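What follows is the residue order along each chain.
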Amino acid sequence: MKKRREQMRKTWLGWMAGCLIPAGVLTAQTDTTNIARNYTINEVVVTGTRNETDIRHLPMTVSIIKRQQIEQTHEPSLLPILTEQIPGLFTTARGVMGFGVSDGAAGGISLRGLSGGSGRLMVLIDGHPQYMGLFGHPIADAYQSFMAERVEVLRGPASVLYGSNAMGGVVNIVTRKMRADGVKTHANVGYGSYNTLQTEVTNQVRKGRFSSVVSASYNRTDGHRSGLDFEQYGGYAKLGYMFSDVWNLHGDVNVTHFNAGNPGPISAPLLEAYQRITRGMTSFALENHYENTSGALSFFYNWGRHKVDDGYCPSAGETPLDYRFHSKDNMMGLSWYQSVQLFRGNRLTAGVDWYRFGGDAWNQYLTGERAGEEQTIKGLPRTEHEVAGYLDFRQDLGEWLTFDAGVRVDHHSHVGTEWIPQAGLSFHLPQQAEIKLSASKGFRYPLIREMFLWGVANPDLKAERMWNYELAYSQKLMDGRLNYGINVFYIDADNLISVGMVDGRRMNINTGEAKNAGVEGQIAYRFNEAWSADANYSYLHMKNPIIAAPEHKLYVGAVYNKGRWNLSSGIQYIAGLYTSTGEQAQTEDFVLWNIRGSYRVTDWFSIWAKGENLLAQRYEINAGFPMPKATFMGGVSVNF
């Protein structure tokens with residue numbers, strides 16, 4: 001009894017310490033000894049809960065893309081990798097490299113028919129929200145591969161933990177860490193079709209309690225169409241220090257600048273359309289991880305500077321614009337959580353989030369009588385706040401069942417307050433089988449753009465809401481050589497914001513709805529030490545079709561990895577992809593075949609090559625923007 005009282009005393013002291021002293025960002029624990037002691041694990045994730053958790057105990061569906069998979073693709077951007085590997089997720093593209101912003105942009109992410117371009121899907125970096133403060137959408141070109149240790153994708157609402165914009169799910173980029181003492185430097189250079197160049201160098205250091213990661217990149221292409229050129233500079237740095245075995249501090253900064261051209265749709269080509277975009281992110285954090293309690297408090301700040309020329313269409317009789325659109329935005333926040341094991345098989349997590357976001361936009365005239373004048377946009381500058389508290393309770397009931405329930409109360413400075421519940425069960429069956437049941441609410445506050453900008457603005461908009469119901473089954477067989485999973489879901493959303501007529505005026509109103517249902521499946525099999533294969537498939541039925549959410553998406557791939565060789569090939573099939581909706585609805589079906597390979601010449605030097613769309617398919621993802629036929633790229637990698 002005395003021993004038990006002492007253990008309880010240490011638990012509550014750890015909880016109080018985490019409450020009173022700042023803790024850190026949401027990252028997976030690097031101390032594998034501690035992980036092994038606390039869990040019998042298959043995969044540890046941080047996205048479905050604010051503390052590291054064996055994926056088997058989560059009622060929601062989480063997919064993981066690891067660093068090795070990212071490196072094997074030789075892709076400078078993370079989004080094409082996610083499109084291949086994550087069922088139900090699709091990202092738009094318009095060329096060989098670069099996504100851009102504004103009219104004609106690509107990089108829109110949709111998950112189960114809910115679009116990140118509308119703010120219904122959230123991108124996180126180490127658990128911190130990443131979206132444009134005024135328009136509420138992710139900036140695709142800011143998510144580069146060199147910064148990611150892994151990517152965790154939670155398919156379904158994550159609003160209990162992350163609030164608005166996590167309505168349809170989250171993509172969490174977990175940044176890189178050095179796990180053992182030493183110094184590592186990696187450099188990669190590639191060149192290929194359409195004068196495309198990609199470069200990256202990363203240095204990692206760990207010495208005692210100090211660690212660092214510093215990366216830089218430069219990418220460019222002429223594009224497969226005139227005016228579709230793209231140029232990008234990127235840099236990332238992360239410094240960390242462990243004060244003790246349970247406390248560590250780290251901070252990071254990520255800056256991306258890109259120049260992107262926009263040739264317009266082929267039916268109405270544009271001249272002089274371009275974007276000059278700079279995006280930045282920084283965060284500071286202090287983490288604690290005791291045996292029975294762990295927690296975090298972090299500060300983050302995101303910002304952007306945009307300069308856009310929308311161009312003109314000579315075939316429509318247009319003349320060059322005499323102004324440029326400028327905008328600046330920011331988002332900052334504080335996030336705190338503390339998780340405690342009150343007794344065996346239990347985990348209680350409590351947290352608080354505060355976000356501040358907004359910005360300004362204006363037109364700057366360059367020529368004529370108004371040269372140098374700045375025309376402000378009505379409704380700006382504007383700043384809004386979001387503050388929330390949440391609880392998540394998880395309990396193992398014996399060895400075969402885990403119960404999870406959570407609730408969040410979230411307040412928006414203009415819209416009001418939302419309550420967000422979720423609940424789920426995870427059944428741990430014999431033969432390493434799992435059944436998961438969940439019901440969760442997602443929501444999205446109206447964006448500043450929707451409430452205050454331009455002619456359709458409506459300041460009286462309410463929050464969008466949805467419920468997601470899901471059943472999942474997964475199993476591992478043959479000592480883990482074969483694993484597969486399948487899940488079915490139903491989404492019932494209402495109060496969606498769309499443009500309608502009110503008293504003879506077009507404006508944003510809460511009249512839309514979505515009733516989406518679907519099936520998603522994954523399977524992977526390792527034949528032997530050299531050969532493995534994997535596949536994923538998703539079917540999506542939408543009552544009201546949306547752009548860039550395919551009805552069918554299938555990927556089948558194989559990998560050969562032996563000795564100095566690493567070869568992979570994959571085929572992706574897309575069907576029922578809407579490029580436009582309404583009376584002039586159009587869909588695309590296509591098959592893409594890719595091959596990638598590398599050969600390690602020495603321990604420190606490798607050569608690589610890849611070919612994409614080897615069947616030379618003619619297809620569009622963005623309406624009016626035909627994709628390139630077969631493209632090729634080769635390069636070298638150096639490690640020392």
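Reading the values: rules and limits
- Along each chain, residue indices are assigned from 1 in the same order as the chain's sequence is written.
- Restriction of local features to residues with pLDDT of at least 70 applies here, the model being predicted, together with a cutoff of 80 or more for giving and counting side-chain atom pairs; totals for whole chains, interfaces and linings are based on all residues.
- As a convention, hydrogens and water are excluded, and side-chain values are obtained from all of the structure's heavy atoms.
- Every helix listed is a DSSP run of H or I at least four residues long, and every strand listed is a run of E at least two residues long, numbered separately from the N terminus.
- Our radius of gyration is a C-alpha quantity, and the globule rule it is checked against amounts to 2.2 Å times the number of residues to the power 0.38.
- Relative accessible area decides the class of each residue, using a 1.4 Å probe on protein chains only: under 20% of the type maximum gives buried, over 50% gives exposed, and in between gives partly exposed.
- We call two residues in contact whenever any of their non-hydrogen atoms come within 4.5 Å of each other.
- Areas reported as accessible are Shrake-Rupley estimates using a 1.4 Å probe. Residue values count occlusion only from the protein chains shown.
- In this tally, Asp and Glu contribute negative charge and Lys and Arg positive charge; neither His nor the terminal groups of the chain are included.
- Positions of charges follow a simple convention, taking NZ of Lys, CZ of Arg, CG of Asp or CD of Glu.
- The rule is simple: put a 1 Å grid over the protein atoms alone, call a set of points where a 1.4 Å probe fits but cannot get out a cavity, call an open set with protein on both sides within 12 Å along at least five of seven lines a pocket, and count a residue as lining if it has an atom within 4 Å of a point.
- Grid points are joined across faces, edges and corners, and a volume is the space filled by probe spheres set on the points.
- In the scheme used here, Gly and all other residues not listed as nonpolar or charged are polar, with Ala, Val, Leu, Ile, Met, Phe, Trp, Tyr, Cys and Pro taken as nonpolar and Asp, Glu, Lys and Arg as charged.
- Pairs were defined over the aromatic rings of Phe, Tyr and Trp, the Trp ring being its six-membered one, requiring ring centres within 6.5 Å. Orientation was assigned from the angle between planes: stacked under 30 degrees, edge-to-face over 60, tilted for the rest.
- Every residue carries a pLDDT, the predictor's confidence in it, which falls somewhere between 0 and 100.
- Whether two strands pair depends on DSSP finding at least two bridges between them.
- Fitted lines through C-alpha atoms serve as axes, helices being fitted only where they are in contact, and the angles separating the N-to-C directions of these axes extend from 0 to 180 degrees.
- In these notes, a set of buried Ala, Val, Leu, Ile, Met, Phe, Trp, Tyr and Cys residues joined through side-chain atoms within 4.5 Å is what counts as a nonpolar core.
- The working definition used for a salt bridge is a side-chain nitrogen of Lys or Arg within 4 Å of a carboxyl oxygen of Asp or Glu.
- Contacts described as polar in this section are N or O atom pairs within 3.5 Å, which, within protein, must combine one atom able to donate a hydrogen with one able to accept it, while residues neighboring in sequence count only if both atoms come from side chains.
- Residues forming no salt bridge and having over 30% relative accessible area are the ones grouped into patches, like charges within 9 Å of each other and nonpolar side chains (Val, Leu, Ile, Met, Phe, Trp, Tyr) within 5 Å.

Summing up its helical and strand segments, the protein chain has six helices and 33 strands in all. Since a compact globule built from 640 residues should have a radius of gyration of about 26 Å, the 24 Å found for the protein chain is in line with a globular shape. With the principal axes as the frame, the protein chain shows a C-alpha extent of 85 × 60 × 45 Å. Scored against the burial criterion, the 640 residues of the protein chain give a buried share of 56%. Partitioning the intrachain contacts of the protein chain with sequence separation of at least 6 by distance along the chain shows that 62% fall at a separation of at least 24. Per element, the accessible surface of the protein chain, about 26800 Å² overall, is 58% carbon and sulfur. When the 61 positive and 61 negative side-chain charges of the protein chain are each reduced to one mean point, those points stand 6 Å apart.

Quick look at empty space enclosed by the protein now. If a probe as big as a water molecule is rolled over the atoms, it shows which places are left empty. In this structure the tally under the stated criterion is ten cavities of 30 Å³ or more. Its boundaries defined by the atoms lining it, the largest cavity holds a volume of some 740 Å³. Breaking the lining of the largest cavity down by element, the ones donating at least two residues are helix H4 (79-85), strand S4 (89-91), strand S12 (196-207), strand S14 (230-242), strand S31 (586-600), strand S32 (605-612) and strand S33 (631-639). Sort the elements by how many residues they give to the lining of the largest cavity and S31 lands first, with four residues. Within the lining of the largest cavity, the residues separate by chemical class into 16 nonpolar, 16 polar and eight charged.

Taken as a whole and assessed by the stated rule, the structure comprises 17 aromatic pairs. Pairing Tyr525 with Phe527 gives two aromatic rings, centres 4.7 Å apart and planes at 90°, and the pair type is edge-to-face. Exposure remark for Phe527: the relative accessible area of 46% places this residue in the partly exposed category.

Averaged over all residues, the pLDDT of the protein chain equals 90, while 93% of them reach at least 70. Averaged pLDDT values over the elements of the protein chain bottom out at 29 in helix H2 (residues 32-38) and peak at 98 in S32. This stretch, residues 1-41, has a pLDDT under 50; its non-local contacts, to residues over four places away or in other chains, come to 83 contacts.

This part takes up the sheet that holds strand S9 (residues 148-155). Strands sit in the order S3-S9-S10-S7-S8 across an open sheet of five strands; the sheet is mixed. Lying at the two open borders of the sheet, with one neighbouring strand each, are strand S3 (61-66) and strand S8 (128-130). Taking each pair of neighbouring strands and ignoring which way they run, the sheet shows an average axis angle of 25°. Examined bridge by bridge, strand S7 (residues 122-125) and S8 share three bridges and lie antiparallel to one another. Along S8, the bridge assignment pairs Leu124 with Pro129.

What follows concerns the nonpolar core. Grouped together as the largest cluster of nonpolar side chains are 49 residues, with contacts concentrated most on Val62, Met122, Leu134, Tyr162, Val170, Phe258 and Leu380. Those elements that place two or more of their residues in this core are S3, S7, helix H5 (159-162), strand S15 (247-261), strand S17 (293-312), strand S18 (323-340), strand S19 (346-365) and helix H6 (448-452). Not counting chain neighbours up to four residues away, the residues in contact with Val62 comprise Val45, Ile55, Glu152, Val153 and Leu154. Ranked by size, the runner-up nonpolar core spans 28 residues in total, among them Phe99, Leu111, Val153 and Met281.

This part takes up the pattern of salt bridges. Evaluation of the coordinates by the stated rule reveals 27 salt bridges. A salt bridge links Arg120 to Glu464; the shortest N-O distance between them is 2.7 Å. With Arg120 in the loop between strand S6 (114-115) and S7 and Glu464 in strand S25 (residues 464-477), this pair connects stretches of sequence that are 344 residues apart. Side by side, Arg120 and Glu464 carry an identical accessibility label, which is buried. Through salt bridges with shared partners, a single ionic network connects Glu75, Glu84, Arg596, Lys610 and Glu612.

Mapped onto the elements of the fold, Ser283 is located in strand S16 (residues 271-289). Residue class for Ser283 comes out buried when judged on its relative accessible area of 3%. Among the polar contacts listed, one links the side chain of Ser283 to the side chain of Asp252, at a separation of 2.5 Å. Those residues within four positions of Ser283 in sequence are excluded, and the remaining contacts are His128, His250, Gly251, Asp252, Phe299 and Phe300.

Looking now at the pairing of strand S24 (residues 433-444). Burial within S24 is extensive, with nine of its twelve residues counted as buried. Taken together, the eight bridges between strand S23 (residues 416-429) and S24 define a ladder with antiparallel strand orientation. The partner of Gly424 across the bridge, within S24, is Ser438. Here S23 folds back onto S24, and the loop between the two strands holds three residues, one of which, Gln431, carries a positive phi near 60°.

Let us now look at a nonpolar patch on the surface. On the surface, a nonpolar cluster with roughly 460 Å² of combined accessible area is contributed by Phe210, Leu239, Tyr241, Phe243 and Leu249. When you line up the elements, Leu239 lands in strand S14.

On the secondary structure map, Phe90 appears in strand S4. By relative accessible area, which is 2% here, Phe90 ends up buried. Counting along the chain gives 425 residues from Phe90 to Lys515, while the straight-line C-alpha distance between them is 19 Å.

On to the pairing of strand S29 (residues 552-562). Pairing of strand S28 (residues 531-542) with S29, which is carried by nine bridges, proceeds in the antiparallel orientation. By the bridge assignment, Ser538 is partnered in S29 with Lys553. Strand direction decides the pairing type here: S29 and strand S30 (residues 565-580), joined by eleven bridges, are antiparallel. Looking across to S30, one finds that Asn561 is bridged to Asn566. The hairpin turn running from S29 into S30, its antiparallel successor, is two residues long, and Gly563 in that turn takes a positive phi close to 60°.

Moving on, we come to the sheet that holds S6. Taken in spatial order, the three strands of this open sheet run S4-S5-S6, and their pairing is antiparallel. Strands with a single pairing partner mark the edges of an open sheet, and in this sheet they are S4 and S6. Here two bridges tie strand S5 (residues 109-111) to S6, and the two strands are oriented antiparallel to one another. Residue Ser110 lies in a different strand from S6, and its bridge partner there is Ser115.

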